[in-house]
Amino acid sequence: MGKGFFQVPTAINEPVKSYAPGTPERAAVTAQYEAYFNGNIDVPMYIGSDEVKTGNTNTMSPPHDHKHVVGTYHLAEKKHVTQAIESALEAREKWAQLTWEQRAAIFLKAAELIAGPYRAKINAATMIAQSKTVHQAEIDAACELIDFLRFNVEFMSQIYEEQPDSAEGIWNRVEYRPLEGFIYAITPFNFTAIAANLPASAAMMGNTVVWKPSDSQIFSAKVIIDIFKEAGVPDGVINVVYGDPVMITDTILESPDFAGVHFTGSTYVFKELWKKIGNNIHTYKTYPKIVGETGGKDFIIAHPSANAKQVATGISRGAFEFQGQKCSAASRVYLPKSIADDVLNYVKEDIASFKMGSPGDLSNFITAVIHEGSFDKLAKYIDQAKTDANAEVFAGGNYDKSKGYFIEPTVIVTTDPKYTTMETELFGPVVTVYVYEDADWSETLKLVDGTSEYALTGAVFSGDRYAIDEATKALENCAGNFYINDKPTGAVVGQQPFGGARASGTNDKAGSAQNLLRWVSPRLIKETFVSPTDYRYPFLG
Ligand code: NAD
């Protein structure tokens, strides 16, 4: 520890900028978008102090213009992964000993860099790499990431303050040691903030990391690396490798020094990881920490007392923003017959008013889905719904991948509450609606609970407090984040800690002290001031 009980700056949520016409932020992000779009960057791997270019490269293209190339990145061979592990272990010796306020200062500086000089860069890179509108980029890449960094510093200092009582003559203290070994961070395509936070949160607690970003996010991952470097994250603390996820993962999980995985992505991949870790358990020096936030099949259920326009807005925003590619996106909806037509027609009107196209045109609300694999999967489910007798494509249903991977926001209405798109995570702008008889409200709650393996987010809309109470109790285990009269997306760090249970993850709540606690191994130190000199207790007479 340093020479003082330092108080960290109070964390506040970064205000969301508007990007309205005429604002300076709009001019800055537009200019940066053009520069990146017309440029051609070559992204190396970062191993210790080396920027590694293997010459074996993949190209990077925006999902909304997939024939256009904006850069390349270099693919790892097994030896590079081994070098990244060695580099992390070497860097750990100094990093783990650095006083906490120095680590805090680095990540607080990173937050300020994003809020200021890097804001347009990280937003424009996210618009290009992940096809986010400027608003979706701003709330993710700028604001949520700034919030993760600021709030986690505050949570870290709260953890360190948590100390045991001491009886007379002794002093008990706990130090929160980083894990012995290195951490493996595997990140998804859909949030730049998550991509940065998974390695950064472990590093903040004194760990060193090997980070493997998603292939579809490397363009914006490069900006994260630039920010961390400028903020002063030392070489070797966060090592970055790209390439075959199975080879990289298998190499890492073979290491006796593997101490934990910080994963966000799909459920199947996480379960496979868990299995491999189990198979290798006799190899490891410690029991690895396994933290994973995974898939969802997030619901909205409306009670007959709900306001139809509010429910419709919850669906339009909750299901379609960022093309439904949020783990929290509403994808199954239960509407009572009495208001179903109103809700569906409002949603149809909303969809008709959405503009779809490149995020470079700021008037577009919907852009492309992430890649061809996702496009083809979504098109297949939409086509299936067009032919199935128990389903109807009520709105949308068109798609086109000639220039970008564009899927029209689509509403499927089904008469089968267990229809495939009520159960399967599609991860795109497709929502399925089941209409229930008003009298079946309580039964429908049981249906919501029993329909999906996931339990990430969910929402109830109702004007009736008894109905809200009933739903809150009946759906207790259906969602790690439960919303009343609000859409199930848009969790804010420091306000709604995020994570789900069942097949949706270990629920270690990103952006909370609970998550940071997974990256430490507390050591209790008991000191006795005057040590006894006779073993006999008084009862021995
Ligand atoms: P994904 O599972 O395809 O990829 C996630 C990461 O795992 C990537 O880095 C990928 O390269 C890697 N990966 C893929 N196959 C692997 C393998 N066999 N072994 C090791 N690593 C492998 O997920 P995605 O498409 O990037 O992201 C979408 C998924 O993430 C959705 O299921 C979504 O629900 C989930 N998600 C969950 C949360 C949450 O907080 N619960 C947040 C964001 C995304």
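1. What to know about the domain arrangement of the protein
Assigned domains within the protein: domain 1 (24-294 + 505-525) and domain 2 (298-484). Measuring from the centre of the C-alpha atoms in domain 1 to the corresponding centre in domain 2 gives 31 Å. Taken together, the contact between domain 1 and domain 2 spans 25 residues of the former and 29 residues of the latter. Between domain 1 and domain 2, the buried area comes to about 2,200 Å², and carbon and sulfur atoms account for 60% of it. When the buried surface of domain 1 facing domain 2 is broken down by residue, H64, H66 and F189 rank first, second and third, together holding 24% of it.

2. A few points about the site of the ligand
What surrounds the ligand is a group of 26 residues, the closest being T187, K212, S266, T294 and E425. Here an oxygen atom of the ligand and a backbone polar atom of T187 are 2.7 Å apart. T294 places a main-chain nitrogen or oxygen 2.8 Å from a nitrogen atom of the ligand. For the ligand, whose unbound accessible area comes to 840 Å², protein coverage reaches 85%. Those elements giving two or more residues to the shell around the ligand turn out to be α8 (245-253) and β10 (258-264).

3. Things to note about the sheet that holds strand β21 (residues 481-484)
Pairing is mixed in the open sheet, where seven strands are placed in the order β14-β17-β18-β13-β12-β20-β21. Whereas interior strands pair on both sides, the edge strands pair on one side only; in this sheet they are β14 (391-395) and β21. Averaged over all adjacent pairs, the angle separating strand axes in this sheet is 20°, with direction ignored. Across four bridges, strand β12 (residues 298-302) lies against strand β20 (residues 457-461) in parallel orientation. By the bridge assignment for β20, I301 is matched with V460. Here helix α11 (residues 337-353) sits on the sheet in contact with β12, β13 (330-336), β14, β17 (410-414) and β18 (430-436), set at roughly 140° to β13.

4. Concerning the packing of aromatic side chains
Under the counting rule described, the total for this entry stands at 20 aromatic pairs. Seen in terms of ring centroids, Y73 and Y242 are 5.8 Å apart; in terms of plane orientation they differ by 75°. Their pairing is edge-to-face. Of the two residues, Y73 sits in strand β5 (residues 71-74) while Y242 sits in the loop between β9 (238-240) and α8, which places them 169 residues apart along the sequence. Relative accessible area serves as the criterion here: at 3%, Y73 is assigned to the buried category. When the ring of F270 is compared with that of W274, the centres are 5.7 Å apart and the planes differ by 85°; the resulting orientation is edge-to-face. Separated by four residues within a single helix, F270 and W274 lie in helix α9 (residues 267-279), roughly one turn from each other. Overall, F270 belongs to the buried group, its relative accessible area being 6%. Put simply, the rings of F6, W100, Y160 and Y176 touch in pairs and so form one group of aromatic residues. Sitting over the face of the ring of Y118, K121 holds its NZ or CZ atom 5.0 Å from the ring centroid.

5. Side note on helix α2 (residues 78-95)
Residues lying three or four places apart along an α-helix face the same way, a consequence of the helix completing one turn every 3.6 residues. Between the first and last C-alpha of α2 there are 25 Å, a value that for 18 residues agrees with the 26 Å anticipated at 1.5 Å per step. When we look at burial in α2, the residues that qualify are H80, V81, A84, I85, S87, A88, A91, R92 and W95. For α2, the angular spread of the buried residues around the axis is 165°, confining them to a single face. For α2, exposure combined with an orientation more than 90 degrees from the buried face picks out E90 and E93.

6. A look at the sheet that holds β5
Reading across from one edge, β1-β5-β4 is the order of the three strands in this open sheet, with mixed pairing throughout. Each of the sheet's edge strands pairs with one partner strand only, and the pair in question is β1 (41-43) and β4 (57-60). Each strand axis lies, on average, 25° off the axis of its neighbour in the sheet, ignoring direction.

7. Looking at a nonpolar patch on the surface
Where nonpolar side chains cluster on the molecular surface, the patch consists of Y535, Y537, F539 and L540 and spans about 570 Å² of accessible area. Here F539 shows up in the segment after β23 (520-528). Judged by its relative accessible area of 67%, F539 falls in the exposed class.

8. What about the pairing of β10?
In terms of burial, β10 is largely enclosed, as seven of its seven residues are buried. Of the pairings in the sheet, the one linking strand β7 (residues 182-186) to β10 comprises five bridges and is parallel in character. Its bridge partner being in β10, F182 is matched across the sheet by F258. The pairing of β10 with strand β11 (residues 289-293) spans five bridges and is parallel. Bridge pairing links H262 to V291 in β11. Running through α9, the crossover from β10 to the neighbouring parallel element β11 is right-handed.

9. Digging into the state of the cysteines
Scanning the model with the defined rule gives zero disulfides in all. C478 takes part in no disulfide bond, and the closest cysteine sulfur to it belongs to C327, at a distance of 17 Å.

10. Thoughts on the nonpolar core
Counting 108 residues, the largest nonpolar core has F107, W211 and I252 as the members making the most contacts within it. In terms of nonpolar packing, the next biggest core, distinct from the first, is built from 30 residues, I382, A385, Y419 and A479 among them.

11. Description of the environment of T294
Mapped onto the secondary structure, T294 falls in the loop between β11 and β12. Exposure remark for T294: the relative accessible area of 5% places this residue in the buried category. A sequence separation of 25 residues divides T294 from A319, and the C-alpha atoms of the two residues are 18 Å apart. Ignoring sequence-local partners within four residues, the contact set of T294 consists of F263, G265, S266, T267, F270, C327, L456, A503, S504 and G505. Separated by 2.7 Å, the side chain of T294 and the backbone oxygen of A503 make a polar contact.

12. Looking at the packing of helix α6 (residues 192-204) against helix α7 (residues 218-231)
Axis separation between α6 and α7 bottoms out at 10 Å; the angle between their running directions is 45°. One way to sum up the angle between α6 and α7 is to call them oblique. The hand of the α6/α7 crossing is right-handed. Here T192, A195, A196 and A200 of α6 come into contact with α7, specifically with S220, I224 and F228. By residue class, the composition of the contact of α6 with α7 is five nonpolar, two polar and no charged.

About the cut-offs
- Residues numbered from 1 in each chain as written.
- Predicted model: local features only at pLDDT ≥ 70, side-chain atom pairs only at ≥ 80, totals over all residues.
- Heavy atoms only, no water.
- Domains from an automatic or database assignment.
- Contact = heavy atoms within 4.5 Å.
- Buried area = accessible area lost by both parts, 1.4 Å probe.
- Near = heavy atom within 4 Å.
- Polar contact = N/O pair within 3.5 Å; in protein donor to acceptor, adjacent residues only side chain to side chain.
- Areas by Shrake-Rupley, 256 points an atom, 1.4 Å probe, with all protein chains shown as cover.
- Helix = DSSP H or I, 4+ residues; strand = E, 2+ residues; numbered from the N terminus.
- Pairing = 2+ DSSP bridges.
- Axes fitted to C-alpha atoms, helices over the stretch in contact; angles between N-to-C directions.
- Phe/Tyr/Trp six-rings, centres within 6.5 Å; stacked < 30°, edge-to-face > 60°.
- Buried < 20%, exposed > 50% of the residue type's maximum accessible area, 1.4 Å probe, protein only.
- Lys NZ or Arg CZ within 6 Å of the ring centre and 35° of its normal.
- Expected span 1.5 Å × (residues − 1).
- Arc of directions from axis to C-beta.
- Patch = residues over 30% accessible without salt bridge, like charges linked within 9 Å, V, L, I, M, F, W, Y side chains within 5 Å.
- Salt bridge = Lys/Arg side-chain N within 4 Å of Asp/Glu carboxyl O.
- Right-handed = clockwise from strand over helix to strand, strands pointing away.
- Disulfide = S-S within 2.5 Å.
- Core = buried A, V, L, I, M, F, W, Y, C linked by side-chain atoms within 4.5 Å.
- Parallel < 35°, antiparallel > 145°, perpendicular 65-115°, else oblique.
- Left-handed = near helix turned anticlockwise from the far one by under 90°.
- Nonpolar A, V, L, I, M, F, W, Y, C, P; charged D, E, K, R; others polar.

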